[in-house]
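Here are the chains, one letter per residue:
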Amino acid sequence: MSYQVLARKWRPQNFQQMVGQTHVLRALLTALDEQRLHHAYLFTGTRGVGKTTIARIFAKCLNCETGISSTPCGECKSCLEIASGRHVDLIEVDAASRTKVEDTRELLDNVQYAPTRGRFKIYLIDEVHMLSGHSFNALLKTLEEPPPHIKFLFATTDPQKLPITILSRCLQFNLKRMPVDMIVGHLAHILQQEQITFAEAALKVLAKAADGSMRDALSLTDQAIVTGGGVIRLESVNDMLGLLPSEYLLQLLQAVVAEDAPQVLAIVAQMAQLTTDFSAATDSLIALLHQIAVLQLVPQADEPVLTAFAEQISAADLQLFYQLALHGRRDLPLNPDPRSGFEMLLLRMLAFQLADAKPAQAVKKNT
């Protein structure tokens, strides 16, 4: 049997298996259980947060042979066919590849006919914002007064491109980005079920790289499994993503605090030999400064190295470093090469330290 990627293998088949998006699920469960069903639903949000998955589960709830409910059986013919993408009354359309008005008219020609086997004929249109203006006009009349056996489920990553006339005829649900902790927890659960050894620190790196997308996190996890030879380690994940080992950033920050310019340039030279992505290194430096700033206000015993920095760097200098890093990140593409831009960012930190700033501990005692 061919290997099935994690994103497909672990795709939720009912609302109980969904991770996150409770604000959307709560509304849909209530609508299904109380039979308060609208004719058009619009799911918006960034990629990989569950728009199409929720739409398919919702279609399953509507056409399950046991009746309309928030808990489809998952075993009847309709549920199985919807899960495998073969249900005759669930018409899935990728609007990005069918943007012409002729495509939309052809699609709507069969709206008047009753469903072949299901309770409803359901049109699931993905990336609906890609339809042309004429296509939206062709859709508008049907969307306003559809036959009772028709349901429209729209998904889009860019709702601002939809005409207001379309938005006003849909119930709109905005799906949120997944928090890092939620992604880490779900990845850990899946890897335990798959019996794959992993380091939690590596999962946190993968979750941050996914940028709120559960699908991206699962795809990156698949890649990390292959890269690490069946084991997910922090070192292999950092190498896969082109991230710099944390000790280099800590050494850099220590050299900046010590005002040791030769050491700063020497460490940057070592980083260059590792073919470092200096844009990603700047992002990591900004994240590191943020962590230290938080530790100055809320100390944590499990971060001894960063706590030492929090006590050593004044609050004013830390805020200055953070702003310089942000501006340096913005200006990085304007430099002749990323390395020189990263070096100038660090040299500004050396040049603009506040001579009269008090250490963080002294600031706390005086307040």
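None of the values given here were measured: they were computed from a predicted structure. (Residues numbered from 1 in each chain as written. Predicted model: local features only at pLDDT ≥ 70, side-chain atom pairs only at ≥ 80, totals over all residues. Heavy atoms only, no water.)

Novice: Which residues make up helix H4 (residues 77–84), and what values do they have?
Specialist: Buried within H4 are the following residues: Ser78, Cys79, Glu81 and Ile82. As for H4, its buried residues are in contact with helix H3 (51–63) and strand E2 (90–94). Positive phi shows up at Gly85, right after H4, with a value of about 75°. (Buried < 20%, exposed > 50% of the residue type's maximum accessible area, 1.4 Å probe, protein only. Helix = DSSP H or I, 4+ residues; strand = E, 2+ residues; numbered from the N terminus. Contact = heavy atoms within 4.5 Å.)

Novice: Go over the confidence of the model for the protein with me, naming the residues and quoting the values.
Specialist: The predicted coordinates should not be examined in detail at positions where pLDDT is low. Confidence along the protein averages 89 in pLDDT terms, with 96% of residues attaining 70 or more. Every residue in residues 361–367 scores below 50 in pLDDT, and together they form 6 contacts with partners more than four places removed in sequence or on other chains. (pLDDT = per-residue confidence, 0-100.)

Novice: So, the packing of helix H14 (residues 278–297) against helix H16 (residues 315–331): which residues are in play, and what are the values?
Specialist: Helix-helix packing: each pair is described by the crossing angle between the helix axes and the interaxial distance. Running from N to C, H14 and H16 point in directions that differ by 155°, and their axes come no closer than 10 Å. Taken together, the axis directions place H14 and H16 in an arrangement best described as roughly antiparallel. Where H14 crosses over H16, the handedness of that crossing is left-handed. Only Ala315, Leu318, Gln319, Phe321, Tyr322, Ala325, Leu326 and Arg329 of H16 make contact with H14, whose side of the interface consists of Ser279, Thr282, Asp283, Ile286, Leu289, His290, Ile292, Ala293 and Gln296. Of the residues in the contact of H14 with H16, the class split is 10 nonpolar, 5 polar and 2 charged. (Axes fitted to C-alpha atoms, helices over the stretch in contact; angles between N-to-C directions. Parallel < 35°, antiparallel > 145°, perpendicular 65-115°, else oblique. Left-handed = near helix turned anticlockwise from the far one by under 90°. Nonpolar A, V, L, I, M, F, W, Y, C, P; charged D, E, K, R; others polar.)

Novice: Requested: an account of the nonpolar core, with residues and values cited.
Specialist: If you look at the biggest cluster of nonpolar residues, it comprises 34 residues, and the most contacted ones within it are Met271, Phe342, Leu346 and Met349. Broken down by secondary-structure element, the contributors of at least two residues to this core are helix H12 (246–257), helix H13 (261–273), H14, helix H15 (304–312), H16 and helix H17 (338–351). In terms of residues, this core owes the most to one element, H14, which gives 9 residues. Aside from chain neighbours lying at most four places away, what touches Met349 is Val256, Leu285, Leu289, Phe321, Leu324 and Ala325. (Core = buried A, V, L, I, M, F, W, Y, C linked by side-chain atoms within 4.5 Å.)

Novice: A description of the side chain of Lys60 should follow, citing residues and the corresponding values.
Specialist: With respect to the helices and strands, Lys60 occurs in helix H3. Buried charge without a partner: Lys60 forms no salt bridge, and the closest opposite charge is Glu92, 10 Å away. (Lys, Arg positive; Asp, Glu negative; His and termini not counted. Salt bridge = Lys/Arg side-chain N within 4 Å of Asp/Glu carboxyl O.)

Novice: Mind laying out the pattern of salt bridges, listing which residues take part and the relevant values?
Specialist: Following the criterion strictly, the structure yields 11 salt bridges and no others. The closest approach of N and O atoms between Glu194 and Lys9, which form a salt bridge, is 2.8 Å. With Glu194 in the loop between helix H8 (180–193) and helix H9 (200–210) and Lys9 in helix H1 (residues 6–9), this residue pair connects regions lying 185 residues apart in the sequence. For Glu194, a relative accessible area of 23% corresponds to the partly exposed category. In this structure, the salt-bridge partner of Asp283 is Arg329, at a minimum N-O distance of 2.7 Å.

Novice: Can you break down the side chain of Gln21 residue by residue, with the values?
Specialist: When you line up the elements, Gln21 lands in the loop between H1 and helix H2 (22–33). Discounting chain neighbours no more than four positions away, the residues touching Gln21 are Val49, Leu175, Lys176 and Met178.

Novice: Residues and numbers for H13, please.
Specialist: Between its first and last C-alpha atoms H13 spans 19 Å; for 13 residues at 1.5 Å apiece the expected length is 18 Å, and the two agree. Turning to H13, its buried residues number three or more, namely Val264, Ile267, Val268 and Met271. Here the buried residues of H13 occupy an arc of 100° about the axis, which is enough to place them on one side. Turned more than 90 degrees off the buried face of H13, the exposed positions are Pro262 and Gln273. Against the buried residues of H13 lie H12, H14 and H17. In this structure Asp260 caps H13, since a side-chain oxygen of it lies 3.2 Å from the backbone nitrogen of Gln263. At the C-terminal side of H13, Thr275 shows a positive phi close to 50°. (Expected span 1.5 Å × (residues − 1). Arc of directions from axis to C-beta. Polar contact = N/O pair within 3.5 Å; in protein donor to acceptor, adjacent residues only side chain to side chain.)

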